[in-house]
Amino acid sequence: MQDDAAIKARVVEAIAATLKLDAAERANLMLDEGYATLKKWTSARHAEIIVAFEDAFGIEVDERSIPKLNRVAKFVDYVKTGAA
């Protein structure tokens, strides 16, 4: 199993690539950042982030979990536990 840092790095990469974050924004993407704190993270982009996340980890997110995956930390937890 991957450690938290490796999981976070993959989550951040998926989110940053989807939101087209520049290097400074990517470097500052913290666990508590998400839909409420990032202007580029819109509802339309949220759907794209979910797809990128599923592709990055080879998983399918349960439909009921999608709205709950609204912060970097919640994506990391989802990889570790399979629940949002």
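Above this text sits the structure in question.
Residues numbered from 1 in each chain as written. Predicted model: local features only at pLDDT ≥ 70, side-chain atom pairs only at ≥ 80, totals over all residues. Heavy atoms only, no water.

Details of the overall build of the protein chain
Along the backbone of the protein chain there are four helices and zero strands. Computed over its C-alpha atoms, the radius of gyration of the protein chain comes to 12 Å, within 12% of the 12 Å expected for a compact globule of 84 residues. When its C-alpha atoms are laid out on the principal axes, the protein chain stretches across 30 × 25 × 20 Å. With 84 residues in all, the protein chain has 35% of them scored as buried. Element-wise, carbon and sulfur atoms account for 55% of the exposed surface of the protein chain, whose accessible area totals about 5,000 Å². Looking at charge distribution, the protein chain has the averaged site of its 12 positive side-chain charges lying 4 Å from that of its 14 negative ones. (Helix = DSSP H or I, 4+ residues; strand = E, 2+ residues; numbered from the N terminus. Rg over C-alpha atoms; globule rule 2.2 N^0.38 Å. Buried < 20%, exposed > 50% of the residue type's maximum accessible area, 1.4 Å probe, protein only. Areas by Shrake-Rupley, 256 points an atom, 1.4 Å probe, with all protein chains shown as cover. Lys, Arg positive; Asp, Glu negative; His and termini not counted. Charge placed at Lys NZ, Arg CZ, Asp CG, Glu CD.)

Thoughts on the nonpolar core
Val 11, Ile 15 and Phe 75 are the most contacted members of the largest nonpolar core, which totals 20 residues. When residues no more than four places from it in sequence are discounted, the contact partners of Ile 15 are Leu 29, Trp 41, Ile 49, Val 72 and Phe 75. (Core = buried A, V, L, I, M, F, W, Y, C linked by side-chain atoms within 4.5 Å. Contact = heavy atoms within 4.5 Å.)

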